[in-house]
Amino acid sequence: QVQLVESGGGLVQAGASLRLSCTASGRTFSNYAMGWFRQAPGKDRDFVAAINWIDSTNYADSVKGRFTISRDNAKKTVYLQMNSLKPEDTAVYYCAASAARSGTSNSRYNYDYWGQGTQVSVSS
C-alpha cells in the first residue's frame, strides 16, 4: 500500500509559477512510476506528466515547455514545477503511483494509488 499526499496548490495570477509536491509513505517509492493528473469542474481527469524509476518523463502537449516533473527518491517526493500558468490550467491536481515502474503512462487506469488532490486556480 502507498499513501500519497499532495501540497503546494493555491490561487495565482496568469504567468505565475507554482510547485506542487507529492510525498509518499509505505512501500519503496523508487519502485514506482509517478504521474500528475488534473481535473477541472465537469471534465475528465486528464494526464499532465509522468516520470519513471530512471527519470524518463512524459508530458501532455498542453504543458510541454511550461511544466517539469521531477522526483527525489530519498525524500519519497515527486514534484511538478509549473511555470507560465494560464487560466486553463485551473483544476484539482492529483498525484498517482504506478507499480509499472518503467512506464510513463498517460492513462489514469495504469495507476494504482492516488492522492486526495490539491487545488490550483489561475486568474486572468
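So, here's what we can say about the structure. Please read all numbers here as calculations on a predicted model, not as lab measurements.

So, about the sheet that holds strand β3 (residues 18–26). Overall, antiparallel pairing links the four strands, which are arranged β1-β3-β8-β7 in an open sheet. Only two strands of the sheet have a single neighbouring strand rather than two, namely β1 (2–7) and β7 (67–72). Going across the sheet, the axis of each strand differs from the next one's by a mean of 15°, ignoring polarity. When β1 meets β3, the two strands line up antiparallel, connected through six bridges. Among the inter-strand pairings, Q3 is bridged to a residue of β3, identified as S25.

Turning our eyes to something else, we now look at the state of the cysteines. One pass over the structure, following the stated rule, counts one disulfide. Residue pairing for C22: its cysteine sulfur links by disulfide to C95, the two sulfurs lying 2.1 Å apart. Judged by the torsion about the S-S bond (-75°), the C22/C95 disulfide is left-handed. Placement of the pair is C22 in strand β3 and C95 in strand β9 (residues 91–98), with a sequence separation of 73 residues. Residue classification places C22 among the buried positions, given a relative accessible area of 0%. The exposure class of C95 is buried, given its relative accessible area of 0%.

Rules of the game
- Residues numbered from 1 in each chain as written.
- Predicted model: local features only at pLDDT ≥ 70, side-chain atom pairs only at ≥ 80, totals over all residues.
- Heavy atoms only, no water.
- Pairing = 2+ DSSP bridges.
- Helix = DSSP H or I, 4+ residues; strand = E, 2+ residues; numbered from the N terminus.
- Axes fitted to C-alpha atoms, helices over the stretch in contact; angles between N-to-C directions.
- Disulfide = S-S within 2.5 Å.
- Buried < 20%, exposed > 50% of the residue type's maximum accessible area, 1.4 Å probe, protein only.

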